[in-house]
Structures are given as structure tokens and as C-alpha cells.
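# Descriptive analysis of the structure
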Amino acid sequence: MTGRLRRPLVAGNWKMNGLRESVAIVEAVRNGLTPRMREAVDVLICPPSTLISSCVAAVYDTPIAIGGQNLHAKASGAFTGSISAEMLADLGATYVIVGHSERRAYHHETDDGVHAKALGARRAGLCGIICVGETKEEREEGRTLDIVRAQLAIGVPKGANARDTVIAYEPVWAIGTGLTPTPADIAEVHASLREMLGQIIGSEAQKVRILYGGSVKPGNARELMAVENVDGALVGGASLVAEDFLGIIAACA
Ligand code: PGA
């Protein structure tokens, strides 16, 4: 897709999946990227932290970026089991997912916590992918826009810019379910998010990428990526199958 205002980003979130042998998926994606894909799309893979080093090695000298799935807001300290942005950067990661709905649901992450983590990512020179999204109940109650705008308003730090921040709209009910909102629903949410972003960071909001995530597959990617203000995808399940992930990248190219 030429003439885009923002270069699309296709990001894979492996979640808690992958052993050392799974680095082969990264190699297959690397080997399957066509010149057209390389030219038109930014590609990111976020494996579990245990695989970041090996994945960074596997994409050496390629345009594929590697990211973390979570971080602690502080740089270091007595926080057993946690990983800081500095540690991710030290491994060669350049992005980190912040406030994924699974972190919010299972680890009680709040919007204030997301804000602190986004600042941590910026401090270490990582690009934070800040996730927002409504639950099924919230959508049914007609509260989608209120919910995602509030998440954005609190989560995104002042002074955020297109280099250190990406937004991902991921309706909770669409994650891992095979369900997706209609293109019209996605267009409405993304337009509202961009407007809200404008209130926080001014004209820079036009440059910040807003990804759609939730059951993106090769079969629906073209339709979803054609929606106005959709600047790429955050992909869970389909990012674990190289052929599917490449199909989604191709749909953005
Ligand atoms: P899914 O997950 O593509 O498997 O729906 C998306 C996500 O959680 O980022």
C-alpha cells in the first residue's frame, strides 16, 4: 500500500509460547520476507524473554526487530522475577509491549502502571507498544470509546512521539477468539484514539502508529489493514506460524 502517512508495523506477540527450537520460526520469517515486504513494512517479533537473545542473533543484519512482552517500570532493584527496559535493551530488544489485556487481567496492571512502564521504556530507548481495548460487556454497554480513550489518556506519557510510542487497539473479546469487530467499528475506534492522542501530544499524533490486534489472520488481514487509521497489526496466535505471519505482513505491503 503506497502513499501511507505512516509506515505499517506488523508485530508478533508469542505470549508464553516457545522453546529454543522455536527460534526456527524467526528464521523462517526472516527467510520468507520478500523485497517488497522489507521495503514497505516494519516487522517485529516479541518472543518470551528467555528467547530474546537467540532471536536477536537470528535477525542479525535483517530489518526484523525483536521486542519484549512486558517490563518493570524501574531500571533495577529488589523486584524478584521482573525485567527492566534496560535489561531488554541490553539484549538487543528495541520494542516492548505495555499493558496487554492479559497483563491487565491476570496481573492487575492499571492505567497508571502502564504510564509508568511506558516511561520506563522511553528511559531505556525502547519503543513502547501501549495496548488498549474494551471487554465484551463494555462493548455491549456502549462504553467502548469511553474505555479506550481513558486508557489512552492515562497510559500515554506527555511528550510521547512516533519513535518511542505505538498504540495497539485490541478488543479483549477479539483476542484468541476468532472474532473481530467490523471494519466500521475499528475505523470508529481508531479515529477516536487518534483524536484523543492529539489532545495528549498535539500534531505528533498524526505520526504515531495505531495497530489493530485480536484474531488477525492471513485471511482477514487485508480487509482489516485497509481500514483508515489502521497502521499495522499486533498478532498473537498467527505469529507462531511463519507462513501465517508472512501472509499478514504481505497484506500490509
Ligand atoms: P490473537 O492475539 O491474534 O491470538 O487474537 C492478539 C494479541 O493478544 O496480541
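To keep things clear, this report deals only with the structure shown in the data block. Computed from a predicted structure; not experimentally measured. (Residues numbered from 1 in each chain as written. Predicted model: local features only at pLDDT ≥ 70, side-chain atom pairs only at ≥ 80, totals over all residues. Heavy atoms only, no water.)

## Considerations on the overall build of the protein chain
Along its length, the protein chain carries 11 helices and 8 strands. Against the compact-globule benchmark of 18 Å for 253 residues, the protein chain has a radius of gyration of 17 Å, which places it among compact chains. Summarising its shape, the C-alpha atoms of the protein chain cover approximately 45 × 45 × 35 Å along the three principal directions. For the protein chain, buried positions account for 51% of its 253 residues. A separation of at least 24 residues holds for 74% of the contacts in the protein chain among residues at least 6 apart in sequence. (Helix = DSSP H or I, 4+ residues; strand = E, 2+ residues; numbered from the N terminus. Rg over C-alpha atoms; globule rule 2.2 N^0.38 Å. Buried < 20%, exposed > 50% of the residue type's maximum accessible area, 1.4 Å probe, protein only. Contact = heavy atoms within 4.5 Å.)

## Notes on the sheet that holds strand β5 (residues 127–132)
Sheet strands line up and pair through hydrogen bonds in the backbone, either parallel or antiparallel. Spatially, β1-β2-β3-β4-β5-β6-β7-β8 is the arrangement adopted by the 8 strands of the closed barrel, whose pairing is parallel. Direction aside, the axes of adjacent strands within the sheet are offset by 25 degrees on average. With 5 bridges connecting them, β5 and strand β6 (residues 165–169) associate as parallel partners. Among the inter-strand pairings, Val-132 is bridged to a residue of β6, identified as Tyr-169. Helix-sheet contacts for helix α11 (residues 242–252) involve β1 (9–13), β2 (42–46) and β8 (232–235), and the interaxial angle to β1 is about 160 degrees. (Pairing = 2+ DSSP bridges. Axes fitted to C-alpha atoms, helices over the stretch in contact; angles between N-to-C directions.)

## Focus: the packing of helix α1 (residues 23–32) against α11
Across the interface, α1 lies against α11 with an axial gap of 9 Å and an inter-helix angle of 40 degrees. Between α1 and α11, the crossing angle belongs to the class labelled oblique. The handedness of the crossing between α1 and α11 is right-handed. On α11, the residues that touch Ile-25, Ala-28, Val-29 and Gly-32 of α1 are Ala-242, Phe-245, Leu-246 and Ile-249. In the contact of α1 with α11, the residues fall into 7 nonpolar, 1 polar and no charged. (Parallel < 35°, antiparallel > 145°, perpendicular 65-115°, else oblique. Left-handed = near helix turned anticlockwise from the far one by under 90°. Nonpolar A, V, L, I, M, F, W, Y, C, P; charged D, E, K, R; others polar.)

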